[in-house]
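What the coordinates show
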Amino acid sequence: GNSVTQMEGPVTLSEEAFLTINCTYTATGYPSLFWYVQYPGEGLQLLLKATKADDKGSNKGFEATYRKETTSFHLEKGSVQVSDSAVYFCALRGTGNQFYFGTGTSLTVIP
Amino acid sequence: EPEVTQTPSHQVTQMGQEVILRCVPISNHLYFYWYRQILGQKVEFLVSFYNNEISEKSEIFDDQFSVERPDGSNFTLKIRSTKLEDSAMYFCASSDQDLGNTEAFFGQGTRLTVV
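Residues numbered from 1 in each chain as written. Chains lettered and ligands numbered in written order. Predicted model: local features only at pLDDT ≥ 70, side-chain atom pairs only at ≥ 80, totals over all residues. Heavy atoms only, no water.

**Details of the interface of chain A and chain B**
- Across the boundary between the two partners, chain A contributes 22 residues, which contact 23 residues of chain B.
- When the two sides are added together, the surface that chain A and chain B hide from each other amounts to roughly 1,900 Å², 49% of it contributed by carbon and sulfur.
- Inspection of the region where chain A meets chain B yields one salt bridge.
- Of the charged contacts in the structure, one is a salt bridge between Glu-103 of chain B and Lys-49 of chain A, with a shortest N-O distance of 2.8 Å. (Contact = heavy atoms within 4.5 Å. Buried area = accessible area lost by both parts, 1.4 Å probe. Salt bridge = Lys/Arg side-chain N within 4 Å of Asp/Glu carboxyl O.)

Structure representation (structure tokens):
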């Protein structure tokens with residue numbers, strides 16, 4: 001079946017630190033992979049996506065590469081800002097309608 | 001920028017009562033979804049809806065739950081006879097396509113607390 005395992009939080013980093021949030025998946029077929037972000041009081045917003053192996057999704061300085069050989073889609077950012085404080089969700093979508101989400105990782109960036 | 005809106009943002013209800021969670025999807029979207037997240041757990045799929053009928057549902061979505069698109073703009077989730085374990089954040093989502101590589105747009109969620 002389909003599932004996503006995400007690095008547990010919470011994560012606290014200083015401003016300008018390097019961020020990695022690990023995400024691995026199990027899927028039948030060839031899913032698309034997504035990172036969503038939820039800022040306080042807001043909905044889940046698409047951060048980036050990758051639809052096939054070796055694709056790299058990127059947005060707002062965040063990147064993630066679809067690695068089929070390691071079934072991973074780790075989120076990275078070279079220099080985080082206070083405004084990046086949010087909850088980050090890794091997700092996959094297979095051939096059906098459903099998204100399969102991880103538990104979410106809370107990130108707090110301190111000045 | 002178009003967005004999915006959900007009301008209310010927080011709902012407190014007594015066990016055994018019925019609640020209706022409301023969502024206004026993005027206006028030109030055709031596919032609608034409900035998800036929920038129990039505190040500390042994964043975001044779980046409940047149901048998808050297209051062309052005025054359920055297209056897929058999870059095993060969570062039993063007879064206690066129902067969805068409806070009563071007019072051209074609203075999409076509702078009704079929970080009958082609520083239980084303590086229904087307490088969760090409920091997310092509505094919509095998309096314009098049903099392809100695996102298409103993202104869904106999510107609302108800000110309704111936090112349901114059953115007491």
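**Description of the sheet that holds strand 8 (residues 75–79) of chain B**
Residue and element names in this part refer to chain B.
- The four strands are arranged 1-3-8-7 in an open sheet whose pairing can be described as antiparallel. Both edges of this open sheet fall to strand 1 (5–7) and strand 7 (65–68), since each of them pairs with a single strand only. Put simply, the sheet's adjacent strands are angled 20 degrees from each other on average, direction ignored.
- Relative to strand 8, strand 7 runs antiparallel, the two sharing four bridges. Looking at strand 8, one finds that Ser-66 is bridged to Lys-78. (Pairing = 2+ DSSP bridges. Helix = DSSP H or I, 4+ residues; strand = E, 2+ residues; numbered from the N terminus. Axes fitted to C-alpha atoms, helices over the stretch in contact; angles between N-to-C directions.)

**As for the packing of aromatic side chains**
- Per the counting criterion, the structure on display carries 19 aromatic pairs over all chains.
- Summarising the aromatic geometry, the rings of Phe-32 of chain B and Phe-75 of chain B are spaced 5.4 Å apart at their centres and angled 40 degrees between planes, so their arrangement reads as tilted. Separated by 43 residues along the polypeptide, Phe-32 of chain B in strand 4 (residues 31–37) and Phe-75 of chain B in strand 8 bring together distant segments of the chain.
- Take Phe-32 of chain B: its relative accessible area is 3%, and that puts it in the buried class.
- Through a chain of ring-to-ring contacts, the aromatic side chains of Phe-34, Tyr-36, Phe-89, Phe-99 and Phe-101 of chain A together with Tyr-35, Phe-45 and Phe-106 of chain B assemble into a single cluster. (Phe/Tyr/Trp six-rings, centres within 6.5 Å; stacked < 30°, edge-to-face > 60°. Buried < 20%, exposed > 50% of the residue type's maximum accessible area, 1.4 Å probe, protein only.)

**A few points about the state of the cysteines**
Residue and element names in this part refer to chain B.
- Per the stated rule, a full pass over the model turns up two disulfides over all chains.
- Across the disulfide, Cys-23 is cross-linked to Cys-92 (sulfur-sulfur distance 1.9 Å). In this structure, the disulfide formed by Cys-23 and Cys-92 twists by about -65 degrees around the S-S bond and is classed as left-handed. With Cys-23 in strand 3 (residues 19–24) and Cys-92 in strand 9 (residues 88–95), the pair connects residues that are 69 residues apart, well separated along the chain.
- Taking the relative accessible area as the measure of exposure, Cys-23 reaches 1% and is therefore buried. (Disulfide = S-S within 2.5 Å.)

**Some thoughts on the environment of Leu-46 of chain B**
Residue and element names in this part refer to chain B.
- As for its position among the elements, Leu-46 is in strand 5 (residues 43–50).
- Leu-46 sits 27 residues away from Ser-73 along the chain, and the two C-alpha atoms are 20 Å apart.
- Excluding its chain neighbours within four sequence positions, the residues that come into contact with Leu-46 are Trp-34, Tyr-35, Arg-36, Glu-56, Lys-57, Ser-58, Ile-60, Phe-61, Leu-77 and Tyr-90.

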